[in-house]
Amino acid sequence: MTEPLLFELSSPGRVGYRLPELDVPETALPEKYLRPELPLPELSEREVVQHFTRLSQLNFSIDTGFYPLGSCTMKYNPKLHEEVARLPGFARIHPWQSESTVQGALQLMYELQEYLAEITGLPGVSLQPVAGAHGELTGMLIVRAYHQEHGDEGRTVVLVPDSAHGTNPATAAMCGYKVATVPSDPRGNMDVRELERLTDETVAGLMLTNPNTLGLFEEHILQVAEIVHEAGGLIYCDGANVNALLGIASPGELGTDVLHLNLHKTFSTPHGGGGPGAGATVVTEELTPFLPTPAAARREERESTAAATEYYLDYERPQSIGPVSGFYGNFGVMVKAYAYLRSLGERGLREVSENAVLNANYLLEQLKGYYHLPYDRLCLHECVFSGKAQANLGVHTVDIAKRLIDLGFHPPTVYFPLIVDEALMIEPTETESLETLDAFVSAMRQIAQEAESEPELVRDAPRTTPVTRLDEAAAARKPNLRWQG
Amino acid sequence: MSSYIPTTDADRRKMLEILGLDSLQELFEVIPPEKRYPHLDLPPPLSEMEVKKLLRGLAEKNADLDHHPCFLGAGAYHHFVPAVVDHIISRGEFYTAYTPYQPEVSQGTLTTIYEFQTMVCQLAGMDVANASMYDGATGVAEAGLMAARVTRRDGLVVASTLHPRYREVLRTYTQGMGMDIQEVGYGEDGGVDLRQADQLLGTGTAALMVQYPNFLGSLEDLQPLSELAHGVGALLVVCVDPIALGLFRAPGEQGADIVVGEGQSLGSPPSYGGPYVGLFACRQKYLRQIPGRLVGMTTDADGRRGFVLTLQPREQHIRREKATSNICTNEALVALAAATYLAIMGKHGLRQVAELCYHKAHHAASEIDALPGYERLFGQFFKEFVIRTPVSPATVNALLMEHGIIGGYGLERDYPQLGDCLLLCVTEMNTKEEIDSLLEALREIGDAR
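Residues numbered from 1 in each chain as written. Chains lettered and ligands numbered in written order. Predicted model: local features only at pLDDT ≥ 70, side-chain atom pairs only at ≥ 80, totals over all residues. Heavy atoms only, no water.

A. Highlighting the overall build of chain A. Assigned secondary structure in chain A consists of 15 helices and twelve strands. For chain A, whose C-alpha radius of gyration is 25 Å, the value lies close to the compact-globule estimate of 23 Å for 485 residues. Dimensions of chain A, computed from C-alpha atoms along their principal axes, come out at roughly 75 × 65 × 45 Å. The contacts in chain A between residues at least 6 apart in sequence include a share of 72% that link residues at least 24 apart. In the form shown here, chain A has an accessible surface area of approximately 16,000 Å², with 46% of it arising from carbon and sulfur atoms. Counting 37 positive and 65 negative side-chain charges, chain A places the centres of these two groups 5 Å from one another. (Helix = DSSP H or I, 4+ residues; strand = E, 2+ residues; numbered from the N terminus. Rg over C-alpha atoms; globule rule 2.2 N^0.38 Å. Contact = heavy atoms within 4.5 Å. Areas by Shrake-Rupley, 256 points an atom, 1.4 Å probe, with all protein chains shown as cover. Lys, Arg positive; Asp, Glu negative; His and termini not counted. Charge placed at Lys NZ, Arg CZ, Asp CG, Glu CD.)

B. A look at the overall build of chain B. Secondary structure summary: chain B contains 13 helices and 13 strands in total. If you line up chain B on its principal axes, its C-alpha atoms span 85 × 55 × 50 Å. Out of the 449 residues belonging to chain B, those deemed buried represent 66%. In chain B, of all internal contacts separated by at least 6 residues, the share reaching a separation of at least 24 is 70%. (Buried < 20%, exposed > 50% of the residue type's maximum accessible area, 1.4 Å probe, protein only.)

C. Examining the environment of Ala164 of chain A more closely. Mapping Ala164 of chain A onto the fold places it in the loop between strand 2 (157-161) and helix 7 (167-174). Along the backbone, Ala164 of chain A and Phe416 of chain A are 252 residues apart, and their C-alpha atoms lie at a distance of 9.4 Å. Apart from the residues lying within four places of it in its own chain, the contact partners of Ala164 of chain A are Phe416 of chain A together with Arg320 of chain B.

D. Quick look at the interface of chain A and chain B. Contact residues are listed per partner, giving 206 residues for chain A and 185 residues for chain B. Its largest share of buried area at the contact with chain B, chain A owes to Tyr33, Arg35 and Leu481 of chain A, together 5% of the area lost on that side. Across the pair Glu83 of chain A and Lys52 of chain B runs a salt bridge whose closest N-O atoms are separated by 2.6 Å. Counting the contacts that link chain A with chain B gives 91 residue pairs in polar contact (both at pLDDT 80 or more). The greatest single-element share of the side of chain A that touches chain B, amounting to 27 residues, is contributed by helix 10 (residues 331-367) of chain A. Within the side of chain A that touches chain B, the residues separate by chemical class into 113 nonpolar, 56 polar and 37 charged. (Buried area = accessible area lost by both parts, 1.4 Å probe. Salt bridge = Lys/Arg side-chain N within 4 Å of Asp/Glu carboxyl O. Polar contact = N/O pair within 3.5 Å; in protein donor to acceptor, adjacent residues only side chain to side chain. Nonpolar A, V, L, I, M, F, W, Y, C, P; charged D, E, K, R; others polar.)

E. Representation of the domain arrangement of chain B. All names here are of chain B. When the domains of chain B are assigned, the result is domain 1 (83-341) and domain 2 (347-448). Across the boundary between the two partners, domain 1 contributes 27 residues, which contact 22 residues of domain 2. For the pair domain 1 and domain 2, the summed buried area comes to about 1,800 Å², and 68% of that belongs to carbon and sulfur atoms. On inspection of domain 1 and its partner domain 2, the count reaches one salt bridge. With a shortest N-O distance of 2.9 Å, Lys383 and Asp241 are connected by a salt bridge. Where domain 1 touches domain 2, the interface holds six residue pairs in polar contact (both at pLDDT 80 or more). The residue makeup of the side of domain 1 that touches domain 2, split by class, is 15 nonpolar, eight polar and four charged. (Domains from an automatic or database assignment.)

F. Spotlight on the packing of helix 6 (residues 132-149) of chain A against helix 7 of chain A. Residues and elements named next belong to chain A. Two elements in contact, helix 6 and helix 7, have axes separated by 9 Å at closest approach and are oriented at 45°. The angle between the axes of helix 6 and helix 7 places the two elements in the oblique class. In this structure, helix 6 meets helix 7 at a crossing whose hand is right-handed. Contacts between helix 6 and helix 7 involve Ala133, Glu136, Leu137 and Met140 from the first element and Thr167, Asn168, Thr171 and Met174 from the second. Tallied by class, residues from the contact of helix 6 with helix 7 come to four nonpolar, three polar and one charged. (Axes fitted to C-alpha atoms, helices over the stretch in contact; angles between N-to-C directions. Parallel < 35°, antiparallel > 145°, perpendicular 65-115°, else oblique. Left-handed = near helix turned anticlockwise from the far one by under 90°.)

G. Local environment of the domain arrangement of chain A. Splitting chain A by domain gives domain 1 (6-56), domain 2 (80-343) and domain 3 (348-459). Using C-alpha coordinates to define each centre, domain 1 of chain A is positioned 42 Å away from domain 2 of chain A.

H. How the structure looks around the sheet that holds strand 7 (residues 281-283) of chain A. Residue and element names in this part refer to chain A. Spatial strand order, 1-7-6-5-4-2-3: seven strands in an open sheet with mixed pairing. Every other strand in the sheet has two partners, leaving strand 1 (124-126) and strand 3 (178-182) as the edge strands with one partner each. Going across the sheet, the axis of each strand differs from the next one's by a mean of 20°, ignoring polarity. Contacts between helix 6 and the sheet are confined to strand 2, strand 4 (203-209), strand 5 (234-239), strand 6 (258-261) and strand 7, with strand 5 contributing the most and set at about 175° to the helix. Its contacts with the sheet put helix 7 on strand 2, strand 3, strand 4 and strand 5, and the angle it makes with strand 4 is roughly 155°. (Pairing = 2+ DSSP bridges.)

Dropping the structure here:
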């Protein structure tokens, strides 16, 4: 089906709003500033609802199916969270209200900071970054500010493993750093000897992901941290994969100096079709003075005999890198993450990681006879296969991905990490049942079989979707980015 | 199990058996033993009822805008949100979807982004818009970086009437890039001081960056500013209030090269500062330097219309350290709220909202100006205006709160020369009764001094 665009549905004279009459005297409008025309569509409420509802039905989503996207942690989004984030006392408070009128919001932020510090073993927390890459930028600006504070101006290089997310090198570049790539070893770890060779007094830090994007725990993590720290560098950890480690190991205990957390991955807040997220950034005690301002803080006010607790926004951080977004971060997302942590507690968090890792290893084991497994060892929260055997039959990873859609599943992350040929990166999360995992295994095995017996079927997929494969080359050659009638 | 986990003990035993393991602990033996299983001092788990009660308790400690007349703006606004908006963004198919990397199963999200991009262009009078930035502040910062890439220059001349917080975020974002940021002040009418701007702009300037209407509420002609900027080969970057664009001339018609803005006003509540959405649009010729995601129209293998993420070679997952930005996640759901809002309001509704704001704000401003001890400053404005108060702005706000009214934004921290001034905002949400109660309270405060 094709749903017409708002602009095609528009008809002159239709309105979808009901606004009140003006109840004060009119003031003359300043003619010279007025726009002659406002070219927005004209629709009734009924049409708008129908249009967007129909569009929603063209989407795959967590609520409708299994989403094994590696590195994205597409876990279930609890419904309670949507309800509480919409409470008037959270959704309809203004960021510039005086602190005394938003004590509940500040308390929630303060306590969330405390919980995240406890979970990561890193005491300094900023809730201000609004996405993972935004947390990375915050973290690397902190690394830069730390070296500057120590008069260490010669550190111009940031080390990034070849398996890293693309945001890592892009972030380092935004902070003015040159990027040097650290290769992986045959077991899927960062190559420690190469790391030693590359690490010197020009290195500001290492951006690492642990477990890495192969879903593998860095086996030499303590040694890696020692090498970088010895040379005066800092360890930045990309927290995209923290769903593997909740209550299992604290990044702070593993030598991390700076870490960002994706509240929209690990702490169950929804992805929204590409945001809003939240990329809380946590750091060691030593780096806390460099965090963005403000942070939620608490003080005890002594009035006569009774002590009253008061929450406030602390702007007193002279060494801060400065603010990174308009206000205090994505507060609505924080409410959801807070509700999640209060629901789970310590034991619940550990269960999350245990089951996420169990599910990933189960898929690894069930699929390894069918797809090439480049690193054959226990994984953590995700596993990475290569479609190269199928590619030799003329069926590429993109085809496998599209065929999965016909069989009712969202595809895994594909062609990433870059170091695995024809990569298929699978992250089941903890919120999928064994029945779902088994159905996915059956589908993947079926496709492996079809690649041999009926390759055309796979190459022509998907056939069950609202549209078939789209011409991306044409879209890029002559970009049509807005409707022009 | 409390963690939204469907796996039963029997399932786990079966899975472990297939893995040839005896316990879950064996999955984690790769982690150094002395670092395994730290104790986490977290509050005990709560039931759904208990969590709800706890959160409601926290929410009720806040003075919300359903129960308090609010005259605060300064970058976050209390506008009406039609019921349709929350209904649409509450659909699981939208809010529990991922970034639309697989277009065949993401036409819903992709189509709404294409519509959003189109309507942002329509509002701003620009050629292309992206799928959104994080918020207005980061949109400004990315616009500064983009102007530097386009012009290969590293100087920015920024109006002091651009939101103070946005200017700070711009400094944060550019601190690693070695950019030279200078500020240009405002004149008597509250608009950019043209003579000073002329002096500061030069052959090293990448962009002149202004706000429309500006942080102090003033509305100004952008044409002379674009002429000054273009005269030295710099771009004009304009940060907008999208509601104002329902009534006032589009920046694109006045020579703007990049238009950014905070889109929260379009269908999202103030939500204590986030999630918001950054609007970002530019002229066609700068398309290859635009940061963030873009959705384009194309056709499928059967010739049907469809939408895809496009021009991805600008982005971090392809270009890595050579990308136009590190941005990855944007604010798709908030952009959907904005698209839904604009669809509902449409051509006539947005203009009507803007007119209601304009008339109510002007009524309130002139009545306050007439009160003994108060004075309105500066020239032409839209919905925000500056008033000089007879007692300190902080005192005024505290006394207003005693009347249950959330007052204005004190300017002392950002503009010491306006230390005795408040920035007030009046929108369509403020009824005549609310405005009257504000006037009455202000009169009382003035009389008591």
